[in-house]
Amino acid sequence: MVFLTSNLLYSGGKFIRKHFRPHFLDSLRLTVTGGHGGNGFPKIGGVGGQGGCVYFVAKEGYTLKNVVKAHSTKRIKAAAGEDSTKVRLLGRRGNDQRISVPVGITVIDETGRNIGDLNEEGKTFTAAGGGPGGCSGNSFIGQPGQSRTLTLDLKLIADAGLVGFPNAGKSTFLKAISKASPKIASYPFTTIKPQLGIIEYTDYRQISVADLPGLIEGAHANIGMGHKFLKHVERTRMLILIADIFGFQLSPQHQKRTCLQNVYALNRELELYDPTLLEKPSILLINKLDLEGASEEFERIQPNLHRLEEQVAECPEEIRPRKLLNFERILSISAKEGMDIDRVVANIREVLDEAAEEDVPEPDLERLTRKNREYGPKVV
Ligand SMILES: Nc1nc2c(ncn2[C@@H]2O[C@H](COP(=O)(O)OP(=O)(O)OP(=O)(O)O)[C@@H](O)[C@H]2O)c(=O)[nH]1
Ligand SMILES: [Mg+2]
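Note that the structure is a prediction, hence the values are computed from the model and not measured.

Undergrad: Tell me what's going on with the overall build of the protein chain, and back it up with residues and numbers.
TA: Secondary structure summary: the protein chain contains nine helices and 16 strands in total. Here the protein chain holds 380 residues, and the buried ones make up 38% of them. Restricting to contacts in the protein chain with at least 6 residues of sequence separation, those with at least 24 account for 70%.

Dropping the structure here:
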């Protein structure tokens, strides 16, 4: 085990562990408390002010790091309502706390339940309600505000997500299609935090692509870093799977997987994590076609890639998917040499557009004809 760990963490003359430092924050726990209600004034029937509320408000360009910076104690409390007084029978309401959070946040409560999604700029979530002010119903004693510990879970929102085993060339591909400059190296787990790149088309259309850390077998069960990052795939509109033409072996202790087995294994990991991911439109890129013998190898395996269903029975049980991804395109590339990259970029756009068209509901022809009869020009 020690050997395995040191083997995995030391490669190419560098300690990979160094890169595991948490640069990227995608989950944050906060304790939020609504303000205490102000006391009432029993003698003259005065009502105490309600305590302020704590709200989360989605803000574009904001990160969880910004949230921590603004609230380093991770405890947020809204102001208490004012007591009722002789001169102010109705006590003033306590000030609210409006906490800016990044767009793409899911709010999770103490029991792990998803209780809110903040997917658009300006969307607001009531994190903690203020306590009611003192009145006849509560013996004029102001009540405490709601208090709870919530987790803010950030999921990247990108049009397409790159999925592949380590070293497949995901970051190299992102670099080839966008201005992003991700870290690229010949050892596994080079990418340890998700990174976004934008494809810019000549007609100014932009498509965002997220480079994610490499998956390994068992990622769905939180082995490696896969699980933590698989959640980012949930919010992408399409998947781009990348596999090395010559397959992949994580370490000498792990089994060597061929390119075809890699595709099945990636499919299996996605399926085990969340089977609905398989319904997303997807394309498959076979990478490193510039290497010697790669074209011949691609020629050899290409028919099998197009017949995944028929071949699946031959795939080892532990990586055999029950349900298969339905690839819209299967393309060979060399991310490093820029081979066929333009074709892939055009295909990504086509697949996204086709998916968007499918999402548009069919027009209700009967209703349209009726409307046209009622309001349309009369033909005489
Ligand atoms: N020959 C060749 N090498 C490539 C190609 N694409 C990537 N590589 C090399 O493969 C290695 C891994 O590339 P990365 O882009 O870092 O791979 P990755 O999939 O992002 O890896 P992780 O971040 O570890 O998951 C690097 O040494 C790249 O130079 C390619 O098309 N041809
Ligand atoms: Mg990478």
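This is not the end of the story, as more comes after the structure.
Undergrad: Before we move on, could you go through the site of ligand 1 and cite the residues and values that matter?
TA: Around ligand 1, the surrounding shell holds 24 residues, and the nearest of these are Gly169, Ser171, Thr191, Gly214 and Lys336. Broken down by element, the shell around ligand 1 gets its largest block of residues, three residues, from helix α3 (residues 170–177). Looking at side-chain class alone, the shell around ligand 1 contains nine nonpolar, 11 polar and four charged residues.

Undergrad: Break down unusual backbone geometry for me, citing the residues and quoting the values.
TA: Backbone geometry at Asn167 places phi at a positive 75°, although glycine is not the residue there. The residue Asn167 is located in the loop between β11 (160–164) and α3 in this model. Judged by local crowding, Asn167 falls into the buried class, with 22 C-beta atoms found within 10 Å. Although it is not a glycine, Lys288 sits at a positive phi angle of roughly 75°. In this fold, Lys288 is placed in the loop between β15 (282–287) and α6 (294–305).

Undergrad: Tell me what's going on with the sheet that holds strand β4 (residues 54–59), and back it up with residues and numbers.
TA: Judged by pairing direction, the sheet is mixed, and its three strands sit side by side in the order β6-β4-β9 without closing on themselves. The strands lining the two open edges of the sheet, one partner per strand, are β6 (97–102) and β9 (124–128). In this sheet, adjacent strand axes meet at a mean angle of 30° when their direction is disregarded. As judged from the six bridges shared by β4 and β6, these two strands associate in the parallel manner. Paired with Phe56 across the two strands is Ile99, which belongs to β6.

Undergrad: How would you sum up the packing of helix α5 (residues 259–273) against α6? Please name residues and give values.
TA: Running from N to C, α5 and α6 point in directions that differ by 35°, and their axes come no closer than 10 Å. Across the interface between the two elements, Cys259, Leu260 and Val263 of α5 pack against Ile301, Asn304 and Leu305 of α6. Its residues assigned to classes, the contact of α5 with α6 comprises five nonpolar, one polar and no charged.

Undergrad: Mind laying out the pairing of β4, listing which residues take part and the relevant values?
TA: On β4, burial follows the alternation: Val54, Phe56 and Ala58 on one face are buried, whereas Tyr55, Val57 and Lys59 on the facing-out side are not. Pairing analysis gives four bridges linking β4 to β9, with the strands arranged antiparallel. Looking across to β9, one finds that Val57 is bridged to Thr124.

Calculation criteria
- Residues numbered from 1 in each chain as written.
- Chains lettered and ligands numbered in written order.
- Predicted model: local features only at pLDDT ≥ 70, side-chain atom pairs only at ≥ 80, totals over all residues.
- Helix = DSSP H or I, 4+ residues; strand = E, 2+ residues; numbered from the N terminus.
- Buried ≥ 20, exposed ≤ 12 C-beta atoms within 10 Å, placed from the backbone.
- Contact = placed C-beta atoms within 7 Å.
- Near = placed C-beta within 6 Å.
- Nonpolar A, V, L, I, M, F, W, Y, C, P; charged D, E, K, R; others polar.
- Pairing = 2+ DSSP bridges.
- Axes fitted to C-alpha atoms, helices over the stretch in contact; angles between N-to-C directions.

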